[in-house]
Amino acid sequence: MKLRTNRREGGFTVLEAAVSMGVLAVSLLSLWGTVVYCSRSNVAAEQKKKALNAAQAMVEEMKSRPFSALIHDYGPSGNEGDTFEVPALNSEDGVGKGEIAFIVDETCTEGCTKFGGPLDLNGDGDETDADVSANYQLLPVRIRVQWEGALGPQHIEVHSVLRKED
């Protein structure tokens with residue numbers, strides 16, 4: 001009769017199987033987290049594209065209007081107003097909001113660097129006028145779109161300089 005020695009037979013012990021299952025579970029959770037993040041990133045990129053398109057469409061809309069009426073039409077108490085909605089950015093938290101801001105102060109030091117300021121906005125040969133809203137020839141505009149996105153609160157800004165056509 002042959003006595004058995006302490007040799008292992010082929011197969012896994014319960015402990016080895018449990019450890020393997022744990023490693024597999026951690027790997028799958030990591031993979032799932034990556035998939036979720038990539039999905040949110042794709043949605044966020046699409047939202048940013050929609051916001052940028054809305055801002056650029058607003059610039060184009062302003063270009064189609066009479067230049068002398070832009071501040072009157074798109075100012076804080078203007079016919080169109082200085083805010084607009086971006087329905088393409090609807091979410092359960094609300095709708096995207098756009099804001100329009102004109103720069104009419106040639107001496108502007110804050111927020112004007114995006115335009116290469118200071119600028120001679122009224123064409124009088126200097127850059128010292130504090131308010132050219134009545135006789136501007138160049139009109140810097142900032143359009144900001146804000147929304148609650150897939151990755152939290154988001155915003156984009158578009159800067160443009162509108163010019164009076166002769």
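This report concerns the structure included in the present document. Model, not experiment: these values are computed from the prediction.

Position of Asn 122 relative to the elements: it lies in the loop between strand 2 (94-102) and strand 3 (138-149). Since its relative accessible area comes to 11%, Asn 122 is described here as buried. At 2.9 Å, the side chain of Asn 122 forms a polar contact with the side chain of Asp 129. What Asn 122 contacts, discounting residues up to four positions off in sequence, is Glu 106, Asp 129, Val 132, Asn 135, Tyr 136 and Gln 137.

A word on the packing of aromatic side chains. Considering all chains together, one arrives at one aromatic pair under this definition. Pairing Phe 67 with Tyr 136 gives two aromatic rings, centres 5.0 Å apart and planes at 65°, and the pair type is edge-to-face. Here Tyr 136 lies in the loop between strand 2 and strand 3 and Phe 67 lies in the loop between helix 1 (14-63) and helix 2 (70-74), a separation of 69 residues in the sequence. For the pair Phe 67 and Tyr 136, a shared accessibility class is recorded, and that class is buried.

Let us now look at the pairing of strand 3. As paired strands, strand 2 and strand 3 are joined by six bridges and run antiparallel to one another. Across the sheet, Lys 97 pairs through a bridge with Gln 146, a residue of strand 3. Summarising the sheet, strand 3 and strand 4 (residues 152-163) pair through 12 bridges and their orientation is antiparallel. What sits directly across from Val 141, in strand 4, is Ser 160. Once strand 3 ends, the chain turns through two residues before running back antiparallel as strand 4.

If you walk across this open sheet you meet the four strands as 1-2-3-4, and the pairing is antiparallel. In this open sheet, the two edge strands, each paired with only one partner strand, are strand 1 (83-91) and strand 4. Strand-to-strand twist of the sheet, defined as the mean angle between neighbouring strand axes without regard to direction, takes the value 20°. Of the pairings in the sheet, the one linking strand 1 to strand 2 comprises five bridges and is antiparallel in character. Counterpart to Phe 84 in the pairing with strand 2 is Gly 98.

All chains considered together, the criterion is met by eight salt bridges. Here Glu 157 makes a salt bridge to Arg 144, at a shortest N to O gap of 2.8 Å. Highlighted residues: Glu 157 in strand 4 and Arg 144 in strand 3, separated in sequence by 13 residues. Classification of Glu 157 by relative accessible area gives partly exposed; the value is 32%. Overlapping salt bridges, with partners in common, bring together Glu 61, Arg 65, Asp 73 and Glu 80 in one network.

The rules we used
Chains are numbered independently. Their residues run from 1 in the order of the written sequence. Owing to the predicted nature of the model, reporting of local features is limited to residues with pLDDT of at least 70; listing and counting of side-chain atom pairs is limited to 80 or more, with chain, interface and lining totals taken over all residues. Only heavy atoms go into the side-chain values, all of them from the structure, while hydrogens and water stay out. Secondary structure elements are defined from DSSP: runs of H or I of at least 4 residues count as helices, runs of E of at least 2 residues count as strands, and each element is numbered from the N terminus. Relative accessibility under 20% of the residue-type maximum defines a buried residue, over 50% an exposed one, and the middle range a partly exposed one, all with a 1.4 Å probe and only protein chains included. Whenever a nitrogen or oxygen atom comes within 3.5 Å of another N or O atom, the pair is scored as a polar contact, on the condition that within protein one atom can donate a hydrogen and the other can accept it, and that pairs from neighbouring residues in sequence are kept only if both atoms are in side chains. Any two residues having at least one pair of non-hydrogen atoms within 4.5 Å are treated as being in contact. Within 6.5 Å between ring centres, the rings of Phe, Tyr and Trp (the latter by its six-membered ring) count as paired, and their orientation is classed by plane angle as stacked under 30 degrees, edge-to-face over 60, tilted in between. Should DSSP find at least two bridges between two strands, the strands are taken to pair. Helix axes use the C-alpha atoms of the stretch in contact, all axes being lines fitted to C-alpha atoms, and the angles between their N-to-C directions lie in the range 0 to 180 degrees. Here a salt bridge means any side-chain nitrogen of Lys or Arg lying within 4 Å of a carboxyl oxygen belonging to Asp or Glu.

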